[in-house]
Every structure is written in structure tokens, then in C-alpha cells.
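Letter by letter, the chains look like this.
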Amino acid sequence: MEDKGAAPSIRLSKGTHAVLKHKAPWKAAMATPIDKYRLTFALPWEDQLLLGTTDEAYEGDPAEVCCGKWRSCTTPSPAI
């Protein structure tokens with residue numbers, strides 16, 4: 001972070017996620033590396049548990065990310 005000439009250390013990615021209701025509140029997040037670029041995670045979010053993985057790099061506009069074959073790109077995600 002001190003080196004102004006350093007390359008960015010973050011990148012955009014897209015992945016698969018599940019949102020679950022939980023019975024007891026989670027007070028911490030957890031991330032587990034799969035390989036050099038991917039990880040799985042569990043995050044408490046909005047009184048729910050967000051489980052997921054980063055599956056692949058994404059280089060496009062974040063406002064235009066698409067769900068691929070599972071859902072039409074024009075179908076909005078349901079509100080959570």
C-alpha cells in the first residue's frame with residue numbers, strides 16, 4: 001500500500017451464492033481458500049447467512065454482470 005507503483009491487489013469476480021435464514025445469529029465471517037485465486041465464504045448479512053464462492057474473474061462493468069445460463073441477464077434478482 002505504500003508503493004505508489006504497485007499493481008492493484010484486488011480484482012472483480014463473480015460466483016455462486018446461497019442466502020440462508022439461520023436460527024442463531026452469527027457474530028463473525030469465515031473465508032477458506034480453495035486455490036491461489038478462489039475462496040469460499042460464510043458471512044452474516046441482514047439477519048441471514050450468505051454462503052458462497054468466487055468462481056471466476058470478471059472484467060466487465062459491475063452494473064452489467066450476468067447470471068449466465070441459470071437466469072436471463074434482464075431478469076432482476078429478487079430483493080432479499
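Novice: What is the right way to look at the overall build of the chain in this model?
Specialist: For the chain, the count of helices and strands is zero helices and four strands. Beginning at the N terminus, the succession of helices and strands in the chain can be written as β-β-β-β. Looking at the chain as a whole, 12% of its 80 residues are labelled buried. Accessible area for the chain stands at about 7200 Å²; split by element, carbon and sulfur atoms hold 59% of it.

Novice: Explain the pairing of strand 4 (residues 48–57) to me, please; I cannot follow it from the model alone.
Specialist: Each regular strand shows side chains that alternate between the opposite faces of the sheet. Direction of pairing for strand 1 (residues 13–21) relative to strand 4: antiparallel, over a ladder of nine bridges. Its bridge partner lying in strand 4, Gly-15 is registered against Thr-54. With six bridges connecting them, strand 3 (residues 39–45) and strand 4 associate as antiparallel partners. Counted as the bridge partner of Thr-40 is Thr-53 from strand 4. Adjacent in sequence and paired antiparallel, strand 3 and strand 4 are bridged by two residues, among which Glu-46 carries a positive phi angle near 50 degrees.

Novice: Would you explain the sheet that holds strand 4 in this entry?
Specialist: Strands in a sheet are paired, the pairing made by backbone hydrogen bonds, and the direction either parallel or antiparallel. What the four strands build is an open sheet, ordered 1-4-3-2; its pairing is antiparallel. In the strand order of this sheet, the two ends are held by strand 1 and strand 2 (30–33), each with one partner. Strand-to-strand twist across the sheet, computed as the mean angle between neighbouring axes with direction ignored, equals 15 degrees.

Novice: Quick question: what am I supposed to make of the pairing of strand 3 here?
Specialist: With four bridges joining them, strand 2 and strand 3 adopt antiparallel strand pairing. Residue pairing for strand 3: Ala-31 is matched across the bridge by Phe-41. From the end of strand 2 to the start of strand 3, which pair antiparallel, there are five residues.

Quick notes on the rules
Residues numbered from 1 in each chain as written. Predicted model: local features only at pLDDT ≥ 70, side-chain atom pairs only at ≥ 80, totals over all residues. Heavy atoms only, no water. Helix = DSSP H or I, 4+ residues; strand = E, 2+ residues; numbered from the N terminus. Buried < 20%, exposed > 50% of the residue type's maximum accessible area, 1.4 Å probe, protein only. Areas by Shrake-Rupley, 256 points an atom, 1.4 Å probe, with all protein chains shown as cover. Pairing = 2+ DSSP bridges. Axes fitted to C-alpha atoms, helices over the stretch in contact; angles between N-to-C directions.

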